[in-house]
Amino acid sequence: MAIYRDKKTGKKLYPVCSWEANQHKLYNAHDRIMNAIHDGKADYDALDRIERAISAFDGYVIDGVVYATWEDSLLIKDYVWAYNARH
C-alpha cells in the first residue's frame, strides 16, 4: 500500500471517504453556512472552516477516494456525519 503525503506540509494523508458519494454533503454544508451568514445567524469563521474542508476534500482524490491529513479528515468527517444525521 502506498503512503501519500501532502505536497506542502509533508504530512501523511489518510483515506477519508468516497469523493463521489460525499461531495454533495460538503457543498450542502457550504450552502447552509452561506444562508446562515446572510440571515445573521453565523459568522465568517464557519465559512473559513467549511472552505478549508472543501479544499482538503478536493485536494487529493486518488481512484475516487479522498485522502487528507488527520486534522482535515476529522473536519471532513464532521460535515459528512452532520449531513447523514439530518437525512
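Residues numbered from 1 in each chain as written. Predicted model: local features only at pLDDT ≥ 70, side-chain atom pairs only at ≥ 80, totals over all residues. Heavy atoms only, no water.

Asker: Mind showing me how you'd approach the sheet that holds strand β3 (residues 65–68) here?
Answerer: Strand pairing in a sheet relies on backbone hydrogen bonds. The paired strands run either parallel or antiparallel. Spatially, three strands are ordered β1-β3-β2 in an open sheet, and the strand pairing comes out antiparallel. In the strand order of this sheet, the two ends are held by β1 (14–18) and β2 (61–62), each with one partner. Pairing between β2 and β3: two bridges, direction antiparallel. Along β3, the bridge assignment pairs V61 with V66. (Pairing = 2+ DSSP bridges. Helix = DSSP H or I, 4+ residues; strand = E, 2+ residues; numbered from the N terminus.)

Asker: For this particular structure, what's the right way to read the environment of H87?
Answerer: With respect to the helices, strands and loops of the structure, H87 is situated in the segment after α3 (70–86). A relative accessible area of 64% places H87 in the exposed class. Through-space distance from the C-alpha of H87 to that of A29 is 13 Å; in sequence the pair is 58 residues apart. (Buried < 20%, exposed > 50% of the residue type's maximum accessible area, 1.4 Å probe, protein only.)

Asker: Before we go on, may I ask you to explain helix α1 (residues 19–38) in this structure?
Answerer: The periodicity of an α-helix, 3.6 residues per turn, causes residues three or four places apart in sequence to face the same way. With 20 residues, α1 should reach 28 Å at 1.5 Å per residue; the first-to-last C-alpha distance of 28 Å fits that figure. Burial in α1 covers these residues: N22, K25, L26, A29, H30, I33, A36 and I37. Here the buried residues of α1 occupy an arc of 140° about the axis, which is enough to place them on one side. Residues of α1 that are exposed and angled more than 90 degrees away from the buried face: E20 and H38. In this structure, the buried residues of α1 make contact with β1, α2 (44–59) and α3. The distance from a side-chain oxygen at the start of α1 to the backbone nitrogen of E20 is 3.4 Å, and the residue carrying that oxygen is S18. Taken from the residues just after α1, G40 is the one with a positive phi, measuring 80°. (Expected span 1.5 Å × (residues − 1). Arc of directions from axis to C-beta. Contact = heavy atoms within 4.5 Å. Polar contact = N/O pair within 3.5 Å; in protein donor to acceptor, adjacent residues only side chain to side chain.)

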